[in-house]
Amino acid sequence: MFPKRLTDGYQAFLQGRFHAERSRYEALAEKGQHPEILIISCCDSRVSPEAIFDVGPGELFVVRNVANLVPPCEPDAESSYHGTSSAIEFAVNGLKVKHVVVMGHASCGGIRSFYDESQPLSKMNFIGKWMSQIAPVADALGDSTGNREQDLKRLELGVIGHSLRNLMTFPSVQRRVAEGELQLHGCYFGVATGLLYVRDPGTGEFAPCLEQPLG
């Protein structure tokens, strides 16, 4: 049976948001989507870009995967399927987005599994293989601080920078950034606090998005 939570939510959507914004949905169906922002986020159920940024339909193009990772551009790896890379290609070359945002978050389960060297969840170990991409990030951070939570946060923040660097291995991203048509950004969301931190592209440091966020 289809989940009742989804049926109830859909009913509320039809009577609420869809009813109120029907003309907007009709225009999107007729004219297509033209979002200016691609967000690469974690698939964690607690981190929804649409909710965090309070956006409507058609405003964001979102790709989500475990730990908001961008793999390096690998055009010759024909035997692999590149879900994240294909979304980046479509957003940058097809939709001509003006911004790409890599959004990490606190309490990331994928990063924690890598840090803890967790046992595979299945014989195929898809998560382990996917998370092995961040080994260079962990190596670059060096020795542990002695504080597990601090180590995890350092790794979560480091992965954002890693993904931003990998974005620049895509020729189309590189070209559009060089021509001033595309900007890359990093941010970090605190699940428990609701606070958003934005990465300074020059220093790699993170600072609060708002000086005085409303409590």
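On a predicted model such as this, the values are computed, not experimentally measured, just so you know. (Residues numbered from 1 in each chain as written. Predicted model: local features only at pLDDT ≥ 70, side-chain atom pairs only at ≥ 80, totals over all residues. Heavy atoms only, no water.)

1. Here we look at the packing of aromatic side chains
Okay, so step 1: One pass over the full model with this rule turns up 5 aromatic pairs.
Okay, so step 2: With centroids separated by 5.2 Å and ring planes inclined at 50 degrees, the aromatic side chains of F18 and Y25 adopt a geometry described as tilted.
Okay, so step 3: Plain terms: the ring middles of F61 and F90 are 5.7 Å apart, the flat faces sit at 50 degrees to each other, and that makes the pair tilted. Pair noted here: F61 is in strand β2 (residues 60–65) and F90 is in helix α4 (residues 83–94), with a separation of 29 residues, a long-range link.
Okay, so step 4: The buried category is assigned to F61, whose relative accessible area is 15%.
Okay, so step 5: Overall, F90 belongs to the partly exposed group, its relative accessible area being 39%.
Okay, so step 6: Three or more aromatic residues joined by ring pairs make a cluster, and in this case those are Y10, F13, F18 and Y25. (Phe/Tyr/Trp six-rings, centres within 6.5 Å; stacked < 30°, edge-to-face > 60°. Helix = DSSP H or I, 4+ residues; strand = E, 2+ residues; numbered from the N terminus. Buried < 20%, exposed > 50% of the residue type's maximum accessible area, 1.4 Å probe, protein only.)

2. A closer look at the UniProt feature "binding site: Zn(2+)" (unreviewed entry) in the protein
Okay, so step 1: UniProt feature "binding site: Zn(2+)" (unreviewed entry): in the numbering of this structure it lies at C42, D44, H105 and C108. A compact arrangement is adopted by the annotated residues: their sequence extent is 67 residues, whereas the largest C-alpha distance between any two is 9.0 Å.
Okay, so step 2: Mapped onto the elements, C42 comes out in strand β1 (residues 37–42).
Okay, so step 3: Sequence-distant contacts of C42, defined by excluding residues within four places in its chain, comprise V47, R64, N65, V66, A67, N68, M103, H105 and C108.
Okay, so step 4: Take C108: it is sitting in the loop between β3 (99–105) and α5 (109–115).
Okay, so step 5: Not counting the four nearest positions on each side in its chain, C108 is found in contact with C42, A67 and E156. (UniProt positions renumbered as here; feature names shortened; annotations may be inferred. Contact = heavy atoms within 4.5 Å.)

3. Some remarks on helix α1 (residues 4–20)
Okay, so step 1: Over its 17 residues, α1 extends 23 Å from the first C-alpha to the last, a length consistent with the 24 Å expected when each residue adds 1.5 Å.
Okay, so step 2: Along α1, the largest kink reaches about 45 degrees and is centred on F13. (Expected span 1.5 Å × (residues − 1). Bend = angle between axes of the 7 residues up to and from the residue.)

4. Some thoughts on the sheet that holds strand β6 (residues 206–208)
Okay, so step 1: Strand order in this open sheet of 6 strands is β2-β1-β3-β4-β5-β6, and the pairing throughout is mixed. Both outer strands of the open sheet, β2 and β6, are each paired with one neighbouring strand and no more. Strand-to-strand twist in this sheet, taken as the mean axis angle between neighbours without regard to direction, amounts to 25 degrees.
Okay, so step 2: Here 3 bridges tie strand β4 (residues 183–189) to strand β5 (residues 196–199), and the two strands are oriented antiparallel to one another. Bridged to C187 within β5 is V198.
Okay, so step 3: Across the sheet, α4 is in contact with β1 and β2; its angle to β2 comes to roughly 165 degrees. (Pairing = 2+ DSSP bridges. Axes fitted to C-alpha atoms, helices over the stretch in contact; angles between N-to-C directions.)

5. Here's the deal with the domain arrangement of the protein
Okay, so step 1: As far as domains go, the protein holds domain 1 (1–32) and domain 2 (33–208).
Okay, so step 2: Just the C-alpha atoms count here: the centres of domain 1 and domain 2 sit 29 Å apart.
Okay, so step 3: With 7 residues of domain 1 in contact, the opposing surface of domain 2 contributes 7 residues.
Okay, so step 4: Around 500 Å² of area is buried between domain 1 and domain 2 when both sides are counted, 53% of it from carbon and sulfur atoms. (Domains from an automatic or database assignment. Buried area = accessible area lost by both parts, 1.4 Å probe.)

6. Details of α4
Since one α-helical turn is 3.6 residues long, residues separated by three or four positions face the same way.
Okay, so step 1: Over its 12 residues, α4 extends 15 Å from the first C-alpha to the last, a length consistent with the 16 Å expected when each residue adds 1.5 Å.
Okay, so step 2: Looking only at α4, the buried set comprises T84, S85, A87, I88, A91 and V92. Axial view of α4: buried residues confined to an arc of 160 degrees, hence all on one face.
Okay, so step 3: Where α4 is buried, its residues touch β1, β2, α6 (126–131), α8 (148–167) and α9 (171–178). (Arc of directions from axis to C-beta.)

7. Regarding the layout of surface pockets
Okay, so step 1: Of the voids in this model, the largest pocket is the one considered here, and its volume is about 310 Å³.
Okay, so step 2: Counting only elements with at least two residues in the lining of the largest pocket, the list comes to α7 (135–141), α8 and β5.
Okay, so step 3: With 6 residues, α8 is the largest single contributor of residues to the lining of the largest pocket.
Okay, so step 4: Taken together, the residues of the lining of the largest pocket sort by class into 8 nonpolar, 3 polar and 5 charged. (1 Å grid on protein atoms, 1.4 Å probe; cavity = no way out; pocket = protein on both sides within 12 Å on 5 of 7 lines; lining within 4 Å. Points joined across faces, edges and corners; volume = space filled by probe spheres on them. Nonpolar A, V, L, I, M, F, W, Y, C, P; charged D, E, K, R; others polar.)

8. Details of the pattern of salt bridges
Side chains carrying opposite charge are able to pair once their charged atoms draw close together.
Okay, so step 1: For the structure shown, the criterion picks out 12 salt bridges.
Okay, so step 2: Ionic pairing is found between E149 and R148, a salt bridge with its closest N-O pair at 3.4 Å.
Okay, so step 3: Judged by relative accessible area, R148 falls into the partly exposed class, the value being 34%.
Okay, so step 4: When salt bridges that share partners are traced, they join R17, E21, R24 and E59 into one network. (Salt bridge = Lys/Arg side-chain N within 4 Å of Asp/Glu carboxyl O.)

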